[in-house]
Amino acid sequence: MQVICCVCHKTKNHKGWAKQAARSGGRLSHGYCPQCYKQMMKRVENFFVMNGCGKSA
Ligand SMILES: [Zn+2]
């Protein structure tokens, strides 16, 4: 099963993550490449900060 980054659409191969077309007919698993994962985590952190989560009511 191939893993494709749902943000930048890179696919994972044996060498790592590369921008390439996913093999047709193969099963795809959507995930995040390390770069987009980092950005996503940053965004999630900002989201919680903006919404005041973590503060005691
Ligand atoms: Zn990505």
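Asker: Would you take a moment to explain the overall build of the chain for this structure?
Answerer: Each helix and strand in the chain was counted, giving one helix and four strands. Here the C-alpha atoms of the chain give a radius of gyration of 16 Å, more than 25% beyond the 10 Å that 2.2 N^0.38 yields for 57 residues. For the C-alpha atoms alone, the extent of the chain along its principal axes is close to 50 × 20 × 15 Å. The burial tally for the chain puts 5% of its 57 residues in the buried class. Sequence-distant contacts in the chain: of pairs separated by 6 or more residues, those separated by 24 or more amount to 50%.

Asker: When you look at helix H1 (residues 34-50) in this model, what are you seeing that I'm missing?
Answerer: Since the α-helix packs 3.6 residues into each turn, any two residues three or four apart lie on the same face. Across its 17 residues, H1 extends 24 Å between first and last C-alpha, which sits within 8% of the 24 Å expected from 1.5 Å per residue. Burial of H1 is sparse: only zero of the 17 residues sit out of reach of the surface. Gly52 lies just past H1 and shows a positive phi near 75°.

Asker: Can you walk me through the environment of Cys36 in this structure?
Answerer: By the element assignment, Cys36 lies in helix H1. Put simply, Cys36 and Gly26 are ten residues apart on the chain and 23 Å apart in space, counted from C-alpha to C-alpha. Those residues in contact with Cys36, other than ones at most four positions away along the chain, are Cys5, Val7 and Cys8.

Asker: Whenever I open this one, the confidence of the model for the chain confuses me. Can you help?
Answerer: Caution applies to low-pLDDT parts of the model: their predicted coordinates are not meant to be read in detail. Looking at the chain as a whole, the pLDDT averages 86, with 91% of positions reaching at least 70. The secondary structure element of the chain with the lowest average pLDDT is strand S2 (residues 11-13), at 90, and the one with the highest is strand S3 (residues 16-18), at 93.

Asker: For this particular structure, what's the right way to read unusual backbone geometry?
Answerer: Excluding glycine, a negative phi dihedral is what most residues carry, and trans is how most peptide bonds are arranged. Phi at His9 takes a positive value of approximately 65°, unusual for a residue other than glycine. Position of His9 among the secondary structure elements: in the loop between strand S1 (2-5) and S2. Among the residues examined, His9 registers 14 C-beta atoms within 10 Å and is labelled partly exposed.

Asker: In this structure, what is going on with the environment of Gln20? I would like to understand it.
Answerer: In this fold, Gln20 is placed in the loop between S3 and strand S4 (28-31). Along the primary structure Gln20 and Ile4 are separated by 16 residues, whereas in three dimensions their C-alpha atoms are 9.8 Å apart.

Cut-offs and rules
- Residues numbered from 1 in each chain as written.
- Predicted model: local features only at pLDDT ≥ 70, side-chain atom pairs only at ≥ 80, totals over all residues.
- Helix = DSSP H or I, 4+ residues; strand = E, 2+ residues; numbered from the N terminus.
- Rg over C-alpha atoms; globule rule 2.2 N^0.38 Å.
- Buried ≥ 20, exposed ≤ 12 C-beta atoms within 10 Å, placed from the backbone.
- Contact = placed C-beta atoms within 7 Å.
- Expected span 1.5 Å × (residues − 1).
- pLDDT = per-residue confidence, 0-100.

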